[in-house]
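# What the coordinates show
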Amino acid sequence: MTGTGKTVTRVDLCEAVYQKVGLSRTESSAFVELVLKEITDCLEKGETVKLSSFGSFMVRKKGQRIGRNPKTGTEVPISPRRVMVFKPSAILKQRINGNGNGSAGADD
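Residues numbered from 1 in each chain as written. Predicted model: local features only at pLDDT ≥ 70, side-chain atom pairs only at ≥ 80, totals over all residues. Heavy atoms only, no water.

Going by what an unreviewed UniProt entry lists, the protein chain is known as Integration host factor subunit alpha and is assigned to Afipia clevelandensis ATCC 49720.

Okay, structure coming up:
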């Protein structure tokens, strides 16, 4: 599942579970859906989801602010909302940057 520009889908994740864990395709699909649903449910409640050696998903509240239409310059209010953010772990950052096994080292 590595490569530049490839998008990994639910189907790809289910297939990986099927290939590597040995569950049936139906069980693999149900397993992936269950994990994603649990993450979603926790985020909906405003909880932080921390996956060791991977990163954390968090919900942040953004207050109302004034935005600007780039074409016309017209100011428009942007309503308050919640946004989901992902903060990768130091280990994941190192792996993405090709620094080997994920042991502690320089960050960024």
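### Things to note about the overall build of the protein chain
Scanning the protein chain for helices and strands turns up three helices and five strands. By residue count, 17% of the 108 residues in the protein chain fall in the buried class. Look at the contacts in the protein chain between residues 6 or more apart in sequence, and 28% of them connect residues 24 or more apart. Split by element, the accessible area of the protein chain, about 8600 Å² in all, is 55% carbon and sulfur. (Helix = DSSP H or I, 4+ residues; strand = E, 2+ residues; numbered from the N terminus. Buried < 20%, exposed > 50% of the residue type's maximum accessible area, 1.4 Å probe, protein only. Contact = heavy atoms within 4.5 Å. Areas by Shrake-Rupley, 256 points an atom, 1.4 Å probe, with all protein chains shown as cover.)

### Remarks on a nonpolar patch on the surface
Taken together, the side chains of Leu51, Phe54 and Phe86 present a nonpolar region at the surface, about 230 Å² in accessible area. Locating phenylalanine 54 in the fold gives a position in the loop between strand 1 (49-51) and strand 2 (55-62). (Patch = residues over 30% accessible without salt bridge, like charges linked within 9 Å, V, L, I, M, F, W, Y side chains within 5 Å. Salt bridge = Lys/Arg side-chain N within 4 Å of Asp/Glu carboxyl O.)

### Quick notes on helix 2 (residues 25-44)
With 20 residues, helix 2 should cover 28 Å at 1.5 Å per step; its first-to-last C-alpha distance of 28 Å lies within 8% of that length. Positive phi appears at glycine 46, one or two residues downstream of helix 2, with a value of about 85 degrees. (Expected span 1.5 Å × (residues − 1).)

### Topic: the packing of aromatic side chains
Tallied over the full model, the rule gives three aromatic pairs. On the numbers, 5.4 Å between centres and 50 degrees between planes, the contact of phenylalanine 54 with phenylalanine 86 is tilted. In this pair, phenylalanine 54 is assigned in the loop between strand 1 and strand 2 and phenylalanine 86 in strand 5 (residues 81-88), connecting sequence segments 32 residues apart. Residue phenylalanine 54 is classed as partly exposed on the basis of its relative accessible area, which comes to 36%. Taking the relative accessible area as the measure of exposure, phenylalanine 86 reaches 34% and is therefore partly exposed. Note on phenylalanine 57 and phenylalanine 86: the rings are 4.8 Å apart at their centroids and 45 degrees apart in plane angle, and the pair reads as tilted. (Phe/Tyr/Trp six-rings, centres within 6.5 Å; stacked < 30°, edge-to-face > 60°.)

### Remarks on the pairing of strand 2
Pairing of strand 1 with strand 2, which is carried by three bridges, proceeds in the antiparallel orientation. If you follow leucine 51 over to strand 2, its bridge partner there is glycine 55. Connecting the antiparallel pair strand 1 and strand 2 is a turn made up of three residues, with serine 53 showing a positive phi of about 65 degrees. In terms of strand pairing, strand 2 meets strand 5 through eight bridges, oriented antiparallel. Pairing of serine 56 across the sheet is with lysine 87, part of strand 5. (Pairing = 2+ DSSP bridges.)

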